[in-house]
Amino acid sequence: MNPDWRVHVGDPENAAALDFDDSAWDRVSLPYAWNEDEAFREDIYGLSTGVAWYRKRFTLPEDAAEKKVFVEFEGVRQAAEVYLNGEFVGRHENGVMAFGFDLTELADPAPEENVLAVRVDNDWDYEEQATGQRYQWADHNFNANYGGITKNVKLHVTDRLYQTLPLYSWLGTTGVYVYADDIDVDEQSAEVNAESQIRNEHDEPRAVRYEVELRETDGETVAAFEGNERVIPPGATTTVEASQDVADLEFWSWGYGYLYDVVTRLTVDGEVVDTVTTRTGFRKTAFEDGRIELNDRAIQLKGYAQRTTNEWPAVGRSVPAWLSDFSNGLMVEGNANAVRWMHVTPWKQDVESCDRVGLIQLLPAGDAESDVEGRQWDQRVELMRDAIVYNQNNPSVLFYEGGNEVISEEHMRELVRLRDRFDPHGGRAMGCREMLDSDVAEWGGEMLYVNKSADKPMFATEYNRSEGLRRYWDEDSPPYHEDGAGEGEGERYNRNQDSFAVEDVRRWYEYWRERPGTGRRVSSGALNIVFSDTNTHYRGEENYRRSGEVDPMRVPKDAYRAHEAIWDGWVEVEDPGAAILGHWNYEPDTVRDVTVISGAESVELFRNGESLGYGDRSDRFVFTFEDVAWEPGTLRAVGYDDAGERVCQDVRETVGEPVAVELTPRTGPTGWRADGHDLALVEVEVVDDEGRRHPTAFDEIEFDLEGPAEWRGGIAKGPENHVLSQELPVELGVNRVLIRSTREAGTVTVTARSEGLAPDTVELETEPVETSGGLTPHLPGEDLPSKLDRGPTPEGLAYESERRPLPVVDVSAGSNAEEAAHAIDDDELSSWESRGDPEDAWIRFDLGEATAVGEVRLKVANHRTTGYPIRVAVDGEEVWSGEVGHTLAYDAITFDPTEGRSVTVALAGVTRVEDAFGEIVEITGERHHSDVDEERNALELLEVELYGPDPEA
């Protein structure tokens, strides 16, 4: 139902009436936010709110007489009052999830015209009409308020004996549920199960046979099976099911979006009366021993916490499905394996996109920054219920998230029961941020600290909160921005690309260092906040958040390339890459450090073929070459494995003077549709005479657009961020713009000019879209291909060896001895703390027998703000002394292997309090509960692990 709506911002009287004159209203195609022009032009707090009306005229198909008619809204922001032919149908208010209504009794059959009218109110402070309660997730900080019908709308016409829709709100139905049991990954086999909730609205019983066909997405039949015949009384709702063992299956995996179509049919007397096609995939999961397993292989999460709006300038969230694949696919191409949608349930289009590109998802319901009670908690439960039902067949969803902050055990137990009721076979874990000591949550982890577990998986949900604008390479490059300079809340929020990328890598290393295979207690990964710069809460100089590894137009920053170089592996680095940060177009006499990010064991740098030696390695992946003098030509970084074999390289060249503008268009794989909604993405570059992008160009580009298309433009630093402007600069030689099709098909011409540069022109064709009675048979995303580039889950272990900690048989302490065991109890919320005399601030771990000890890993209380001077002794002999703490991670203390049967950790002075990460705060501005601001003469340990000599040393 997406094409050809009318929209008006305001609240005119009788706008729901069948004969209301809407001819002067704007003509749009859905999805469409009525305030889309403001996306990235205004900050999140300035986005317009109010009432808008949407109206749609349509005629039912000729064969729809005596059939059931349903409308499905994938989501409206915030509240929607729905009318058909002037009659009130219903109201949906949560602003997030899909919902549906039964239109059967109100819809007029063909050839009569029907009018669907929707009154939308996106007031930030909208209150649920029945209770007067606000929705917790309608938040000014993280949930950008693009108002209107911002997601797809579909019409369903069925027999009166039908398979229901997965729309629990207002229809109370659960639809089709497909899952696999008894999965044998090695044998590529599983039992495939299909369950359909069916309803008989005929006046007499129906004897129904349930048929299931498993197909490849190209239509080839893989298997066919059926259930027993059932007699369904009139007015009854029941579930029918069928299953069969299937061989030669392909399993969905990271970067391998292998999907099947499961066609379920209801037949009566041999005649098919209802058919539903469910696109899904099969995979095996496990969440235990502190690890996540996908298809019997351990995987450490590496990816992004992304705003659920996933927005673009001057469009907001409402992009065509192919552009969702482009954006989400970039994460996978950059070797990310997971995305955590933040705070609210993602759009179905993004969920299905992640299925296709092979990207693991964490799926929340709706929340803000705290647990709640009463009606607000009930709203969260209802939203989670609807989200589970609606997304139960999407294989990329591996996790449900019950909250962005810790919730009570009672609330977590309620959500687990909800999962068990509506998705008992989906292989998905229910958890919540934090929940470190929960007996109910099936995963947990803090915002940006390193948590480890030998039980449920723990991973960080929002690490590296720095911000940096893509236009700034470094302090030696135009426009010569001093790293950290600018208005805002601190230097962390106005970084240059070089320091931003290094911060990304250093933070990631802290989680990777504790990866599966490194001990009994491990980290299951971390998710970086955010993937693309976002029109939400910000702390830097711009009016939007620039924590992304790509900018709002998805142009990569160096941080994206850095991740690409080190993330290519399930746990260990399996295919190392290299990324030279920056460019090679500096001014004469420039001398600067060159940084290379690489998964290789060593990196050698060559300037015009001459070796400059090997980089100084830090944080495993950072290789620094100090005081490199710039010379025009080529800079090449070569990475080697531990045997000295070359495994990767990266090259930077000095680019010649700019001579031309170059345009590169991108459209969906099936063409640019003239549906009034589809977009073309056009990249503009300033290039030299060899066609190479100039890395320091900031030329102003003037665009001309001719033909049936609408300019939406791009973004750049300047007045109103140049949003919607047909004049905007390239930044570092590149920018991108969006152009929207109209309902008229034809030739669209785009020309780009800049003073002193040769112009460029591209021609694009928009393809006509078939409609009948205001409806189109084309469903968004249905013809998009899956990405299978990474191939099936690799065979074998994801890491070579599993390092185990030394067993501790007893723990004693100079004080508070009864709590000493808390230091080894796999619970970071419990601790041992000394008290009284500083001389008694020691704890001793008895190994039972003489053992070689080479490392102590520990986590101290208040580790972010507090430095503890300590000493470590083996059998009373000091083997290490220094300061621990002032970190977001565990401290790793290594020393020469020493034989002994006991290890003592003791305080060696007064603690030092200084927050090394003071600018990193919660979105509320509150500091973490572990922060302290006073010195103490006490030692407090959360967890301690002892290891033998490092096998790699």
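The rules behind each value
- Residues numbered from 1 in each chain as written.
- Predicted model: local features only at pLDDT ≥ 70, side-chain atom pairs only at ≥ 80, totals over all residues.
- Heavy atoms only, no water.
- UniProt positions renumbered as here; feature names shortened; annotations may be inferred.
- Helix = DSSP H or I, 4+ residues; strand = E, 2+ residues; numbered from the N terminus.
- Rg over C-alpha atoms; globule rule 2.2 N^0.38 Å.
- Buried < 20%, exposed > 50% of the residue type's maximum accessible area, 1.4 Å probe, protein only.
- Contact = heavy atoms within 4.5 Å.
- Areas by Shrake-Rupley, 256 points an atom, 1.4 Å probe, with all protein chains shown as cover.
- Lys, Arg positive; Asp, Glu negative; His and termini not counted.
- Charge placed at Lys NZ, Arg CZ, Asp CG, Glu CD.
- Pairing = 2+ DSSP bridges.
- Axes fitted to C-alpha atoms, helices over the stretch in contact; angles between N-to-C directions.
- Salt bridge = Lys/Arg side-chain N within 4 Å of Asp/Glu carboxyl O.
- Left-handed = near helix turned anticlockwise from the far one by under 90°.
- Nonpolar A, V, L, I, M, F, W, Y, C, P; charged D, E, K, R; others polar.
- Expected span 1.5 Å × (residues − 1).
- Arc of directions from axis to C-beta.
- Phe/Tyr/Trp six-rings, centres within 6.5 Å; stacked < 30°, edge-to-face > 60°.
- Lys NZ or Arg CZ within 6 Å of the ring centre and 35° of its normal.

- An unreviewed UniProt entry annotates the protein chain as DUF4982 domain-containing protein originating from Halosimplex aquaticum.
- The record in UniProt for the protein chain states the following under Sequence similarities (unreviewed entry): "Belongs to the glycosyl hydrolase 2 family."

Focus on the overall build of the protein chain
Okay, step 1: When you go through the protein chain residue by residue, the secondary structure sums to seven helices and 55 strands.
Okay, step 2: Against the globule reference of 30 Å for 953 residues, the protein chain gives a C-alpha radius of gyration of 29 Å, in line with a compact fold.
Okay, step 3: If one aligns the C-alpha atoms of the protein chain with their principal axes, the spans along those axes are about 90 × 70 × 55 Å.
Okay, step 4: Burial statistics for the protein chain: of 953 residues in total, 64% are counted as buried.
Okay, step 5: Counting only contacts in the protein chain whose residues sit at least 6 apart along the sequence, the fraction spanning at least 24 positions is 73%.
Okay, step 6: Counting only carbon and sulfur atoms, one obtains 40% of the accessible surface of the protein chain, whose full area is about 33900 Å².
Okay, step 7: Where the 91 positive side-chain charges of the protein chain centre and where its 195 negative ones centre are 1 Å apart.

Description of the sheet that holds strand S28 (residues 429-431)
Okay, step 1: Strands sit in the order S28-S27-S26-S25-S24-S30-S29 across an open sheet of seven strands; the sheet is parallel. With one partner strand each, in any of the chains shown, S28 and strand S29 (460-463) form the two edges of the open sheet. Mean inter-strand twist for the sheet, computed between neighbouring axes without regard to direction, equals 25°.
Okay, step 2: As defined by bridge partners, strand S24 (residues 301-307) adjoins strand S30 (residues 525-529) across five bridges and the pair is classed as parallel. By the bridge assignment for S30, Gly303 is matched with Leu527.

What about the pattern of salt bridges?
Okay, step 1: By the definition in use, this model includes 83 salt bridges.
Okay, step 2: Residue Arg91 pairs with Glu81 through a salt bridge whose shortest N-O separation is 3.4 Å. With Arg91 in strand S7 (residues 87-92) and Glu81 in strand S6 (residues 79-84), the pair connects residues that are 10 residues apart, well separated along the chain.
Okay, step 3: Given the relative accessible area of 24%, Arg91 is considered partly exposed.
Okay, step 4: The exposure class assigned to Glu81 is buried, which follows from its relative accessible area of 11%.
Okay, step 5: With its nearest N and O atoms 3.7 Å apart, the salt bridge here joins Glu503 to Arg495.
Okay, step 6: Assessed through its relative accessible area of 10%, Glu503 is described here as buried.
Okay, step 7: Residue Arg495 is classed as buried on the basis of its relative accessible area of 12%.

Section: the packing of helix H6 (residues 497-512) against helix H7 (residues 558-566)
Okay, step 1: In contact at an axis separation of 8 Å, H6 and H7 are set at 35° when each is read in the N-to-C sense. For the pair H6 and H7, the sense of crossing is right-handed. The residues of H7 that touch H6, namely those facing Gln497, Phe500, Ala501, Asp504, Val505 and Trp508, are Asp558, Ala559, Ala562, His563 and Ile566.
Okay, step 2: Within the contact of H6 with H7, the residues separate by chemical class into seven nonpolar, two polar and two charged.

Some words on unusual backbone geometry
Okay, step 1: With an omega dihedral of 0°, the bond running from Arg77 to Gln78 counts as a cis peptide bond.
Okay, step 2: By the secondary structure assignment, Gln78 is in the loop between strand S5 (68-73) and S6.
Okay, step 3: The step from Ile529 to Val530 runs through a cis peptide bond, and the omega angle for that step is -5°.
Okay, step 4: Positionally, Val530 belongs in the loop between S30 and H7.
Okay, step 5: Phi is positive for Glu720, which is not a glycine, with a value near 50°.

What to know about the side chain of Arg419
Okay, step 1: Of note, Arg419 is situated in helix H5 (residues 409-422).
Okay, step 2: Look at Arg419 and you get buried, because its relative accessible area is 8%.
Okay, step 3: In contact with Arg419, other than residues within four places in its own chain, are Ile388, Tyr400, Pro424, Arg428, Ala429, Met430 and Glu442.

Digging into H5
Okay, step 1: Compared with an ideal rise of 1.5 Å per residue, which puts 14 residues at 20 Å, H5 spans 20 Å between its outermost C-alpha atoms and is within 8% of the ideal.
Okay, step 2: Along H5, the residues that are buried comprise His411, Met412, Leu415, Val416, Leu418, Arg419 and Phe422. In an axial view of H5, the angular spread of the buried residues amounts to 155°, which keeps them on one side of the axis. Across H5 from its buried face, at more than 90 degrees, point the exposed residues Glu410, Arg417 and Arg421.
Okay, step 3: On its buried face, H5 sits against helix H1 (168-171), strand S13 (176-184), helix H4 (374-390), strand S27 (397-401) and S28.

A closer look at H4
Residues three or four positions apart in an α-helix share a direction because the helix packs 3.6 residues into each turn.
Okay, step 1: Compared with the 24 Å implied by 1.5 Å per residue over 17 residues, the 25 Å span of H4 between its first and last C-alpha is a close match.
Okay, step 2: Of all 17 residues in H4, 13 are buried; the element is thus mostly enclosed.

Things to note about the packing of aromatic side chains
Okay, step 1: For the structure shown, the criterion picks out 31 aromatic pairs.
Okay, step 2: Here a set of aromatic residues connected by ring pairs shows up, and it is made of Tyr304, Trp508, Phe531, Tyr560 and Trp567.
Okay, step 3: Just above the ring of Phe606 sits the side chain of Arg636; from NZ or CZ to the centre is 4.7 Å.

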